[in-house]
Amino acid sequence: MNFDFSFLPLAEQAAENGQGSPWMMMIPLLLLIGFMFIMSGRQNKQQKQHQKMINELKSGDDVLTEGGIFGTITNVKDDRFIIRTADNTKFEIAKAFVKIKVNKDEDSEKKA
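Moving on to the confidence of the model for the protein chain. A residue-level look at the protein chain finds 75% of positions with pLDDT of 70 or above and a mean pLDDT of 81. Put simply, helix 3 (residues 104–111) is where the protein chain has its lowest mean pLDDT, 55, and strand 1 (residues 62–65) is where it has its highest, 93.

Encoded structure:
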C-alpha cells in the first residue's frame, strides 16, 4: 500500500529533494507522545490535590458539589458525606462528587 503524503509541505519538499527521511515523519509522533506525558503528569497532580482535599474535609466545612449545590458537611462516613443545604435539607453524596471546599471568609469579603 502506498500512501500519498504530498499534501504535507515537509513530505513534498523531501520528495522533491529525493531525501525522504523517516526521521522527519517521526517528529510529529514524538511531539505528540511528549505532549501526552506532560498532560498526564498535570492530571495526576490535580487528582492528588483533589484527593488530599477530600481526605481533609470534616463536619462543619462548606463545600460545592459537582452538581453545583452548596452545603455544609454534617457527617463523614467511609465513602460519602452527609450534606445539609438550605432549610435543613440533608442528603448523602459520594466523596468524589465534592468539587471544592468553600471558605466562609472569602464569601463575606465578596459581599462587602
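Having seen it, we continue.
Moving on, we get to the side chain of Lys-95. By secondary structure assignment, the location of Lys-95 is in the loop between strand 4 (90–94) and strand 5 (98–102). Of the side chains with opposite charge, Asp-78 lies nearest to the buried Lys-95, which makes no salt bridge, at 6.4 Å. Here Asp-78 takes part through its backbone oxygen, which lies 3.2 Å from a polar atom of the side chain of Lys-95. Leave out the neighbours within four places in its chain, and Lys-95 touches Ile-54, Val-76, Lys-77, Asp-78, Asp-79, Arg-80 and Phe-81.

Before going further, it helps to spend a moment on the sheet that holds strand 5. Pairing in this open sheet of 5 strands is antiparallel, and the strands run 4-3-2-1-5 from one edge to the other. Of all the strands in the sheet, the pair left with one neighbour each is strand 4 and strand 5. Averaged over all pairs of adjacent strands, the angle between strand axes in this sheet comes to 45 degrees, irrespective of strand direction. Of the pairings in the sheet, the one linking strand 3 (residues 80–84) to strand 4 comprises 5 bridges and is antiparallel in character. In the strand pairing of strand 4, Ile-83 is matched with Phe-91. Across the sheet, helix 2 (residues 22–56) is in contact with strand 3 and strand 5; its angle to strand 5 comes to roughly 60 degrees.

Before going further, it helps to spend a moment on the environment of His-50. Structurally, His-50 can be placed in helix 2. Classification of His-50 as partly exposed rests on a relative accessible area of 25%. Placed 46 residues apart in sequence, His-50 and Ala-96 show a C-alpha to C-alpha distance of 8.8 Å. Of the polar contacts made by the side chain of His-50, one reaches the backbone oxygen of Val-98; its length is 2.7 Å.

With that settled, consider the nonpolar core. With 9 residues, the main nonpolar core is built from Met-53, Ile-54, Leu-57, Val-63, Ile-73, Phe-81, Ile-83, Ile-93 and Val-98. Mapped by element, the contributors of at least two residues to this core are helix 2 and strand 3. The contacts of Val-63, once residues within four sequence positions are left out, are Leu-57, Ile-69, Phe-70, Gly-71, Ile-73, Ile-83, Val-98, Ile-100, Lys-101 and Val-102.

A few words on helix 2. Between its first and last C-alpha atoms helix 2 spans 52 Å; for 35 residues at 1.5 Å apiece the expected length is 51 Å, and the two agree. The principal kink in helix 2, of about 25 degrees, is found at Pro-28.

What follows covers the pattern of salt bridges. All told, the structure shown has 5 salt bridges when counted by the stated rule. With its nearest N and O atoms 3.6 Å apart, the salt bridge here joins Asp-61 to Lys-58. Put simply, Lys-101 and Asp-61 hold a salt bridge, and the shortest N to O gap is 3.8 Å. Highlighted residues: Lys-101 in strand 5 and Asp-61 in the loop between helix 2 and strand 1, separated in sequence by 40 residues. Several salt bridges share partner residues, and in doing so they unite Lys-77, Asp-79, Arg-80 and Glu-92 into one network.

Reading the values: rules and limits
Residues numbered from 1 in each chain as written. Predicted model: local features only at pLDDT ≥ 70, side-chain atom pairs only at ≥ 80, totals over all residues. Heavy atoms only, no water. pLDDT = per-residue confidence, 0-100. Helix = DSSP H or I, 4+ residues; strand = E, 2+ residues; numbered from the N terminus. Buried < 20%, exposed > 50% of the residue type's maximum accessible area, 1.4 Å probe, protein only. Lys, Arg positive; Asp, Glu negative; His and termini not counted. Salt bridge = Lys/Arg side-chain N within 4 Å of Asp/Glu carboxyl O. Polar contact = N/O pair within 3.5 Å; in protein donor to acceptor, adjacent residues only side chain to side chain. Contact = heavy atoms within 4.5 Å. Pairing = 2+ DSSP bridges. Axes fitted to C-alpha atoms, helices over the stretch in contact; angles between N-to-C directions. Core = buried A, V, L, I, M, F, W, Y, C linked by side-chain atoms within 4.5 Å. Expected span 1.5 Å × (residues − 1). Bend = angle between axes of the 7 residues up to and from the residue.

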